[in-house]
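# Chain and residue survey
Below, each chain spelled out in residue letters.
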Amino acid sequence: MNRPVRLPSLVLALLATAASVPSLAATAPASDPLAACLAGEAFPHKGDRKKVVDDCDKAIEAGVADPAQRAKVLTIRSQAKWRLDLNAEAEKDAEAALKLAPGDAGALVARGAARMDQDRADEAIADFDAALKVQPRNAAALLYRGRVRQWFKDDRAGAKADYDAALAVDPKSVRTYVQRADLTMDDDPAASERDLRSALALSPGDVDILLPLGLAIEYQKRTAEALKAYGVAAAADPADARALTYRSLLELGSDKAAALRDAEAAIRVEPKLARARYVQGRALEALERPDEALAAYRETVKLDEDYLDAWVAVAFLERKAERYDAALAAADAGLKRASKNTDLLFERAMILGARDETTRAIEAYGVVIAALPKSAAAYYNRGQQLSKKSEHEAALADFRKAAELDPKDLDALINIGIELGNLNQGDAELKTYDQVLAIDPANIAAKVNKAIVYADREDWPAAVAAYRLATQAAPKRADLQISLGDALVNQGQYDEAKRAYDQAVKLDAKDAGAWRSRARLLRRMGRLRESIADYGRAVALAPDDADLLVARAQVLSLDDQEAAGMADLDAAVKLAPKSAFVLNNRALAHARAERYAAALADYDQAIVVQPDYEPAYYNRADVFIDQSRYDRAIRDLNASLRLSPNDSMTLARKGRVYWLVKDYRRALEELDAALAADPEYADALRWRADVKDEGPGAKSDRETADRLDKAS
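Residues numbered from 1 in each chain as written. Predicted model: local features only at pLDDT ≥ 70, side-chain atom pairs only at ≥ 80, totals over all residues. Heavy atoms only, no water.

In terms of helices and strands, the protein carries 40 helices and zero strands. Its C-alpha atoms give the protein a radius of gyration of 39 Å, more than 25% over the compact-globule value 27 Å for 712 residues. Taking the principal axes of its C-alpha atoms as reference, the protein extends roughly 130 × 50 × 45 Å. Each of the 712 residues in the protein was classed as buried or not, and the buried ones make up 50%. Looking at the protein alone, contacts between residues at least 24 apart form 48% of all its contacts between residues at least 6 apart. When the accessible surface of the protein is summed, it comes to about 33900 Å², and 50% of that surface belongs to carbon and sulfur atoms. If the 104 positive side-chain charges of the protein are averaged to one point and the 116 negative ones to another, these points end up 2 Å apart. (Helix = DSSP H or I, 4+ residues; strand = E, 2+ residues; numbered from the N terminus. Rg over C-alpha atoms; globule rule 2.2 N^0.38 Å. Buried < 20%, exposed > 50% of the residue type's maximum accessible area, 1.4 Å probe, protein only. Contact = heavy atoms within 4.5 Å. Areas by Shrake-Rupley, 256 points an atom, 1.4 Å probe, with all protein chains shown as cover. Lys, Arg positive; Asp, Glu negative; His and termini not counted. Charge placed at Lys NZ, Arg CZ, Asp CG, Glu CD.)

If you want it as structure tokens, here you go:
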């Protein structure tokens, strides 16, 4: 589970070693700078630490002749500076102390602590090891070495051994109980609770113990007790807002409004506490107020630029709002402060994927995987990006790795199936979906994908059966009723298809696709007025869909409503002036009305906007044929064949043109090629019979054409 915050630093402050505190310090007169400095080791509070530094400065200025005593002063000042986060200065003082007193355990511990907080783990451990050689029972060295092992080396067993040894030396060390509790919090919160209760018995009412105690109780899912513990912590120190923030986060699961109230109360108590602003953002986000949440997160990073969770949250919300530049800037800002933070690296990869920078997204997920080689989510997401690039073998490998790392993630298995399909391994794809259904018989994605496989194979009985199972599993999904209807249409079961489309419309009357599908079927059934009405409803729902207007125009034309159809086509061209499909369809309408100049203008424009749009060449050739411009017709038909080789309709039309110009040999060649491509093309048979005239095979071609027409 994710930890809300590291335990408060005050709880984990440096332990003073017994050897570092002279017995005379407690009774020394305050006017004596040296005595005041030496007494400073006993001061626990941050303000006192500043005074310790001042007192030790004065002692050094006054002159400390004895090298051993001067080393003690430097060690004490080093400890105080370390507690003030002045780590480089603290290390320098410890170094000076060690020159005066080589091998001094207290100075070694002080230097190790300063190096630890500069992320120099190996050097810190070396110092603590050296101190323990001098003083094997040095509790501070054991505590801090354990801390380095825990935080920097992920050596949990080594850390626990050190904490256990430190407590054996000093069974009343509050800080060591708290540190060991921090170690066991995630894996054994009950053990963490026991240590924290031991610490609390030694230091009753200590907020810095009450807070992690509440957390340990929370991790054991004893929510009411945890809320009470945070309440006790808040009451123990009303000027400390942290307990309110802990309680706010816990309340997110049960009372979002209360969570926001606590977050805002924390802000009133400590307006400059970054964590309070962050928790406010979490509450606002839970209340579905993303803009206010974003403002809270941005305020968080203003207060603390190193608050990485807030940078993650800013990047996430900006991505969700599709403000990808701002999202990427936030992720990069966080990574500038912590280049290896995996949450930020992951979010950055997601942003790049969302803005369709697929190659960069793949590279970014590679960085995440290098840092988190067992992250199933990173492999899964990279697989999606690879699939977008049609790198299906690589995508398949990533989805398989995701499934291996997280066997319960059926989405990974589903995507394995999809990639197998992309690699034309349809049988393996179906087996994968069956594997999913064996684990989860109700898995709708597997049921739908099986139906899609059968539909792609044009195995309509199997597709219909699969879609029926899918609609039974998800009876309220209009899109599945549409797909079932489409499969039934392809099987020629129009009445059942209409019932499926009727159900789709009933389930979601605002789905333009449902109205469109039923309109298309009604046109096929010859029920033109009903089709026009359904197209009208679809257009009302999707007024900017130019293709819908084209479809309605076609039905209006069939119903002899040419003017209304042309109005739809004009509107479609206005919506999509660079759509070759739309321009081609308006040209067809002009050609039917023998407005050849207008038709040619639209075909010309269609070819300008999309030079590889084959239908425009084919249809423009028809106009040239009607105008007896056969050379231009042949040129367009040749262009059509370059784009769609061996197309039977184009070959037959080309043969017809050669017949019109009385080039019978070439006419027969083209018509023979058309019938080789489609032996049941009735028009090609009739045209070939015309070329043969009354010669051999003409009668047979006509009879075959008549038979095909009757069969259709």
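On to the side chain of Arg145, then. Mapping Arg145 onto the fold places it in helix α7 (residues 139-151). Excluding residues that lie within four positions of it along the chain, Arg145 makes contacts with Phe128, Asp129, Leu132 and Asp162.

With that settled, the discussion passes to the packing of helix α13 (residues 242-251) against helix α15 (residues 274-286). Interhelical geometry of α13 versus α15 gives an angle of 15 degrees and a closest axis separation of 10 Å. It follows from the interaxial angle that α13 and α15 lie roughly parallel. Both α13 and α15 take part in a crossing whose hand is left-handed. Along the contact surface, α13 presents Thr245, Tyr246, Ser248 and Leu249, while α15 presents Arg275, Ala276, Val279 and Arg282. Looking at the contact of α13 with α15 residue by residue, the class counts come to four nonpolar, two polar and two charged. (Axes fitted to C-alpha atoms, helices over the stretch in contact; angles between N-to-C directions. Parallel < 35°, antiparallel > 145°, perpendicular 65-115°, else oblique. Left-handed = near helix turned anticlockwise from the far one by under 90°. Nonpolar A, V, L, I, M, F, W, Y, C, P; charged D, E, K, R; others polar.)

Here is the idea: a disulfide is a covalent bond, and it sits between the sulfur atoms of two cysteines. For the structure shown, the criterion picks out one disulfide. Paired through a disulfide, Cys37 and Cys56 show a sulfur-sulfur distance of 2.0 Å. Here the S-S torsion is close to 85 degrees, and the disulfide linking Cys37 with Cys56 is therefore right-handed. Taken together, the positions of Cys37 in helix α1 (residues 33-39) and Cys56 in helix α2 (residues 46-62) put the pair 19 residues apart, joining distant regions of the chain. Each member of the pair, Cys37 together with Cys56, is buried. (Disulfide = S-S within 2.5 Å.)

A word on the packing of aromatic side chains. Per the stated rule, a full pass over the model turns up seven aromatic pairs. When the centroid spacing of 5.9 Å and the interplanar angle of 65 degrees are considered together, the rings of Trp82 and Tyr144 count as edge-to-face. Of the two residues, Trp82 sits in helix α3 (residues 67-83) while Tyr144 sits in helix α7, which places them 62 residues apart along the sequence. Of the two residues, Trp82 and Tyr144, neither departs from the other in class, the shared state being buried. With a centroid separation of 5.7 Å and 80 degrees between ring planes, the pair formed by Phe346 and Tyr365 is classed as edge-to-face. Placement of Phe346 in helix α19 (residues 342-354) and of Tyr365 in helix α20 (residues 358-371) is noted, with a sequence separation of 19 residues between them. (Phe/Tyr/Trp six-rings, centres within 6.5 Å; stacked < 30°, edge-to-face > 60°.)

Turning our eyes to something else, we now look at the side chain of Ser248. Inspection of the secondary structure assignment puts Ser248 in helix α13. The exposure class of Ser248 is buried, given its relative accessible area of 0%. Beyond its immediate stretch of four places on either side in the chain, Ser248 contacts Ala259, Asp262, Ala263 and Val279.

Once that is clear, we can look at the pattern of salt bridges. Evaluation of the coordinates by the stated rule reveals 67 salt bridges. Linking Arg527 and Glu530 is a salt bridge whose minimum nitrogen-to-oxygen distance equals 2.8 Å. Judged by relative accessible area, Arg527 falls into the partly exposed class, the value being 30%. Counted as one network, the salt bridges with shared partners bring together Glu91, Glu95, Arg111, Arg115, Arg120, Glu123 and Asp127. (Salt bridge = Lys/Arg side-chain N within 4 Å of Asp/Glu carboxyl O.)

Right, let's talk about the environment of Pro679 for a bit. Tracing the backbone shows Pro679 in the loop between α38 (664-677) and α39 (682-692). For Pro679, a relative accessible area of 57% gives the class exposed.

Take helix α33 (residues 580-592) next. The end-to-end C-alpha distance of α33, which contains 13 residues, comes to 18 Å, matching closely the 18 Å that a straight helix rising 1.5 Å per residue would cover. Of all 13 residues in α33, 10 are buried; the element is thus mostly enclosed. For α33, the set of buried residues is Ala580, Val582, Leu583, Asn584, Asn585, Arg586, Ala587, Ala589, His590 and Ala591. Those residues of α33 hidden inside the fold are in contact with α31 (546-558), α32 (562-575), α34 (596-609) and α35 (614-626). (Expected span 1.5 Å × (residues − 1).)

Now for the environment of Arg298. Position of Arg298 relative to the elements: it lies in helix α16 (residues 290-303). A C-alpha to C-alpha distance of 47 Å links Arg298 and Val453, two positions 155 residues apart in sequence. In contact with Arg298, other than residues within four places in its own chain, are Val314, Glu318 and Ala326.

So, about the confidence of the model for the protein. In this model, the protein carries an average pLDDT of 93, and 95% of its residues clear a pLDDT of 70 or more. In this model residues 1-29 is a low-confidence stretch, pLDDT under 50, and it forms 72 contacts with partners more than four residues away in sequence or in other chains. (pLDDT = per-residue confidence, 0-100.)

Another aspect to go through is unusual backbone geometry. Residues apart from glycine generally show negative phi values, whereas peptide bonds are mostly found in trans. The residue Asp119 is not glycine, and still its phi comes out positive at about 60 degrees. Its location among the elements puts Asp119 in the loop between α5 (105-116) and α6 (121-134). We classify Asp119 as exposed; its relative accessible area is 59%. The backbone phi angle of Ser390 is positive, close to 65 degrees, even though this residue is not glycine. Within the secondary structure, Ser390 sits in the loop between α21 (376-388) and α22 (392-405). Residue classification places Ser390 among the exposed residues on the basis of a relative accessible area of 52%.

Over its 13 residues, α35 extends 19 Å from the first C-alpha to the last, a length consistent with the 18 Å expected when each residue adds 1.5 Å. Counting buried residues in α35 gives 10 out of 13 residues, a clear majority hidden from the surface. Buried within α35 we find Glu614, Ala616, Tyr617, Tyr618, Asn619, Arg620, Ala621, Val623, Phe624 and Ile625. In this structure, the buried side of α35 is in contact with α33, α34, α36 (630-643) and α37 (648-660). Of the residues flanking the end of α35, it is Ser628, one or two places downstream, whose phi is positive at about 60 degrees.

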